[in-house]
Structure formats: structure tokens, C-alpha cells
Amino acid sequence: MAPEHPDQDQPILIAYDGSDQAKAAIALAGRTLRTPRSAVVVSVFEPLGAIPFWGVPVARVPSIFVEEAEDAAKKVSEEGAELARKAGFEATSAVVQGSPIWEKIVQAARSEGAGIIVIGSHGRSGVRYAAMGSVATAVAHHATVPVLIARAEDGDPDSRAT
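Keep in mind the model is a prediction, meaning the values are calculated, not measured.

Basis of the calculations
Residues numbered from 1 in each chain as written. Predicted model: local features only at pLDDT ≥ 70, side-chain atom pairs only at ≥ 80, totals over all residues. Heavy atoms only, no water. Buried < 20%, exposed > 50% of the residue type's maximum accessible area, 1.4 Å probe, protein only. Helix = DSSP H or I, 4+ residues; strand = E, 2+ residues; numbered from the N terminus. Pairing = 2+ DSSP bridges. Right-handed = clockwise from strand over helix to strand, strands pointing away. Axes fitted to C-alpha atoms, helices over the stretch in contact; angles between N-to-C directions. Expected span 1.5 Å × (residues − 1). Contact = heavy atoms within 4.5 Å. Core = buried A, V, L, I, M, F, W, Y, C linked by side-chain atoms within 4.5 Å.

S.K.: Describe the pairing of strand β1 (residues 12-15), naming the residues involved and giving the relevant values.
M.R.: Burial along β1 is two-sided: Ile12 and Ile14 facing one way and Leu13 and Ala15 facing the other are all buried. Where β1 and strand β2 (residues 38-45) come together, four bridges link them in parallel fashion. Each residue of the ladder has a partner; that of Ala15, found in β2, is Val42. Considered for its hand, the β-α-β crossover made up of β1, helix α2 (residues 20-32) and β2 is right-handed. Note: β1 against strand β4 (residues 116-120), three bridges, orientation parallel. When the sheet's bridge partners are listed, Ile14 is paired in β4 with Val118.

Written as C-alpha cells, this is what we have:
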């Protein structure tokens, strides 16, 4: 017999970059999703993004830069997992290397068997959106599971006027 809500038995994938928006996403998920529930907090890193003026066409990134970027991502991911545990989730941390970031998040959700993806949005619009894009928008567009998107003000239930 299948469970009545199979997605509630699947883990949550939380995309976490250490930003206020990502912290708000964890807080919102803790208030709105059933806990306790397992969660995987994923931080995606791009070694080339950590090196100023290093172009994508370069074939090889020095291993020291990759190691430093991975170590930083591990710290960020563990910080997010700790916040998720405080929010009531049975959280673990994970790190993924690559780009585009949205694609790595969607792939991680698929490989973890996640029932929902939780992500913060930086709220870019206009020229900034056109120039930088939106990871949250791309995740929502490409994911095969529901996506919960939070803004920084979603982390504090008292911050919004009613």
C-alpha cells in the first residue's frame, strides 16, 4: 500500500549559499513543511567563479583553487545543515561542483530522491536579472518536483505587514 502523501516521506533538498535568502528559505521550510523529516543541504561551487578574472575557456584550474573553493563550500553547507537541524529537520550537508548552478541543484534533487526543493531568491529584476539570471527561477522551471522559493523577509514571520 502506497503512502497517502509519498512526497512527505522523501527528503527535502535545500539549496544553500549562506545568503540571508537561503537562511530565510530554511526558516520558511521549518514553519511550513512537516518535521521531523530528512533534508540534504547542498552547496554548489564553481572553482572558476572563485578566481577573479579567470575565464571559462581556461581548460585547467589550479588544484589549490579547487580545494579552497570546495573547503569553503563544505563550511557553508554545514552551516546550512545546522540551521536546518534547528528548524526541525534531520539534516546532512553535501557539496557539488559545477555549473550552471541551477542544473547541479536539480541533479542533486534527483539523485537524492528529494520530494521538494527549497531555495532562496535574491529578488533580482530588470537589468540585474537579465545580466545575472535567476538560479531560483531556473530551478523552478526545470525541476520535476515542487520548489519552495523564499525571499529574505520570508525568514521572519513578523517582518511583513498584514
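S.K.: Hey, could you go over the sheet that holds strand β3 (residues 90-97) for me, with residue numbers and the actual values?
M.R.: Taken in spatial order, the five strands of this open sheet run β3-β2-β1-β4-β5, and their pairing is parallel. Pairing within the sheet leaves two strands with one partner each, and these edge strands are β3 and β5 (147-150). Strand-to-strand twist of the sheet, defined as the mean angle between neighbouring strand axes without regard to direction, takes the value 20 degrees. Pairing geometry for β2 and β3, over eight bridges, is parallel.

S.K.: So what's going on with helix α3 (residues 63-86)? Residues and values would help.
M.R.: Here α3 spans 35 Å end to end across 24 residues, near enough to the 34 Å set by a 1.5 Å rise per residue. Buried residues of α3: Val66, Ala69, Ala73, Ser77, Gly80, Ala81 and Ala84, and no others. Structurally, α3 contributes buried residues whose contacts are with β1, α2, β2 and β3. Gly88 sits one or two residues past α3 and shows a positive phi near 110 degrees.

S.K.: If you had to explain the nonpolar core to someone new, which residues and values would you point to?
M.R.: Ranked by size, the top nonpolar core spans 19 residues in total, and within it Ile12, Ile14, Leu33 and Val118 carry the most contacts. The greatest single-element share of this core, amounting to five residues, is contributed by α2. Counting 15 residues, the second largest nonpolar core, distinct from the first, contains Val40, Val106, Ile119 and Val139.

S.K.: Please provide a residue-by-residue account of the pairing of β5, values included.
M.R.: The alternating pattern of β5 places Leu148 and Ala150 on a buried face, while none of Val147 and Ile149, on the opposite face, is buried. In this structure, β4 lies alongside β5, joined through four bridges in parallel fashion. Within β5, the position partnered with Gly120 by the bridge is Ala150.

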